[in-house]
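Survey of secondary and tertiary structure
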Amino acid sequence: MECRAVVSSLSDYLDSRNVWASDDEVEQIETHLTNCPTCRNLKLELSEIKNASRELPLHTPPTALWARISKAIEAEISTENGIARVTQKASGWWGWLNSRKFTFSLPQLAAAGAFAAILIVAGISGIFGEKPSPLNFRNAQGSLLLPEEDEIKANLERRMGAINARKAQWDTERRSDFEQRMNRIDESLKRCRNMLEDNPNDAGRREMVRALYDEKRQLLEDVERLKW
Amino acid sequence: MVKEIPSSTQSSKSAAKFLSALTAGFLVLNASATSSGAQTFNRAFAVSPEKSELEVVNQAGTIKVTAGANPNKIVINARHSDGATKINATQNALGKVKVEVTGRGRVDFEIAVPTSSSIDLLSYQGAIVVKNLAGAVRARITEGDIQIDGLRSARVDASCTQGNVSFSGEVLPSGRYTLKSFSGRVDAILPADADFKLSASSFRGGIDLGAFEMKFDKNSHQLVEGSRGAGRASISLWTQEGSIHLRRKP
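This write-up is about the structure you can find in this document. Predicted, not measured: the structure shown is a model, and the values here were computed from it.

1. What about the overall build of chain A?
A tally of regular secondary structure across chain A gives nine helices and zero strands. Helices and strands in chain A line up, N terminus first, as α-α-α-α-α-α-α-α-α. When burial is assessed residue by residue, chain A has 13% of its 228 residues classed as buried. Sequence-distant contacts in chain A: of pairs separated by 6 or more residues, those separated by 24 or more amount to 65%.

In structure tokens form, the structure reads like this:
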């Protein structure tokens, strides 16, 4: 394996060494690292950066922050209202729409984009008649219960996807054991999230939800490391 | 009519019965040992005592790691009974020793390492025991107990999904200690003069702080956050369904 190939794979290799590549590829990288001091040093540096970043504290923005941002957007919209003021002509709305030129400020565009996204999501959920999932990542007001929850969910789904692809090869006992454990954690997670939804400012419940997500991640990592 | 047997004959018959039972027992034991086909695995690696590293990935069985007599060697002894189980032990260019088990059988490890070794242990089922080390310890088991004793390390991360976690050792300044179990009990036995910041969270089982006096930021049935002394070390204890117990070292 050449240095270029190893360097381009190094970050993924350090993140999840057993998931992304076959055993052969991992072995090739490890052999290369054994023989190439430049790549080995690079790997060490990347590991140190990764470890150091793990030590950084997670900062949760105060709940009042969104209220302040929201007020600021509203204030800006009302002061700039004149820019995009629209008056309907008597010749019909389509003609009027074609004849107008609109200018929007950035916050207005952002607000419009968010509103459109909410309408699309609400529309899709209305069309398919789905009830909100118990692991819905947003509360009734549409805000995230955990600021990092989307990221956590994406990470878990990626790992779960890789495991699901291999699960068909597991024997029944192993599959059932893994699924039972995962379900048990999911049930606890659901219960704690419901409690957090009832009281979104409860820091204790928030930490419990975080711990349960971490437990789920840990179980997936076990399976990856065991090379099931 | 029942014929009376002389007592001397009775005692010799009893002795004969005892001997034959003993012989039969021995044969059964011997046969089980043979049929179980226990195999051993022994390897030793030369390492630097200051920066030796060990990683063990086991499918099932006990991993016991202790401080060895030789500060320049990692000595691995293992027993397993399943012929299809494979143990692969390698050392990379940086000196890190990695032991991996493949197959479904149970493997029980006894490993001696230099005191300051960093260790990273994983088993899906079984138990993990770590004794008298001073390096970083990461121990993870899905089902089984973790027991860490006599530790003098600044970094401990022990967690299990189903099982108990117990820690007994020094609390070093700037140390970080994380003990977690989803459905088991978490025990930490610490020196009476330990200086730390604590975060303990138990959803169901409750939190027992023992005799440690603390300055609390939060103190409820499910969550305790507080500090003791200058709060230099950081201790994080979590269990979803079990209980948490803090004890003073006798």
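2. Observations concerning the nonpolar core
Counting residues in each nonpolar core, the largest one holds 70 residues, and the members touching the most others are B:Val130, B:Ala139 and B:Ile148. By residue number, the principal contributor to this core is helix α9 (residues 203-225) of chain A, which donates eight residues. Apart from the residues within four sequence positions on either side, B:Ala139 is in contact with B:Leu121, B:Ile128, B:Val130, B:Ile146, B:Ile148 and B:Ala158. In this structure, A:Val6, A:Tyr13, A:Leu33 and A:Cys39 belong to the second largest nonpolar core, which totals five residues.

3. Some words on the interface of chain B and chain A
The interface is formed by 19 residues belonging to chain B together with 17 residues belonging to chain A. Of all the elements in the fold, those that place two or more residues in the side of chain B that touches chain A are β2 (53-67), β7 (118-131), β8 (137-151) and β9 (155-162) of chain B.

4. Some points on the environment of B:Asp193
Residues and elements named next belong to chain B. Turning to its location among the elements, Asp-193 is positioned in the loop between β12 (186-190) and β13 (196-202). Residue Asp-193 is classed as exposed on the basis of its C-beta count, with 10 C-beta atoms lying within 10 Å. A sequence separation of 23 residues divides Asp-193 from Glu-170, and the C-alpha atoms of the two residues are 9.9 Å apart.

5. Details of helix α8 (residues 172-198) of chain A
Along its 27 residues, α8(A) runs 39 Å from first to last C-alpha, staying within 8% of the 39 Å computed at 1.5 Å per residue. Of all the positions in α8(A), only A:Phe178, A:Arg181, A:Ile185, A:Ser188, A:Leu189, A:Cys192, A:Arg193 and A:Leu196 are classed as buried. Those residues of α8(A) that are buried lie in contact with α9 of chain A together with β9 of chain B.

6. Thoughts on unusual backbone geometry
All names here are of chain B. Phi at Asn-132 is positive, roughly 60 degrees, even though this residue is not glycine. The class for Asn-132 is partly exposed, based on 14 C-beta atoms found within 10 Å. Despite not being glycine, Ser-174 shows a phi value in the positive range, around 65 degrees. For Ser-174, the location among the structural elements is in the loop between β10 (165-169) and β11 (176-181). Using a count of 9 C-beta atoms within 10 Å as the deciding quantity, one classes Ser-174 as exposed.

About the thresholds
- One numbering rule holds for all chains: residues counted from 1, following each sequence as written.
- Written order decides the labels, with chains lettered from A and ligands numbered from 1.
- Totals for whole chains, interfaces and linings use all residues, but because this is a predicted model, local features are given only for residues with pLDDT of at least 70 and pairs of side-chain atoms are given and counted only at 80 or more.
- Strands here are runs of E lasting at least two residues and helices are runs of H or I lasting at least four, both read from the DSSP assignment and numbered beginning at the N terminus.
- Exposure criterion: with C-beta atoms placed from backbone coordinates, a residue whose C-beta has 20 or more other C-beta atoms within 10 Å is buried, one with 12 or fewer is exposed, and one in between is partly exposed.
- Any residue pair is listed as a contact if its two C-beta atoms, each placed from the backbone, are within 7 Å.
- The nonpolar core is taken to be a set of buried Ala, Val, Leu, Ile, Met, Phe, Trp, Tyr and Cys residues joined by way of C-beta atoms within 7 Å.
- The length a helix should cover is 1.5 Å for every residue beyond the first.

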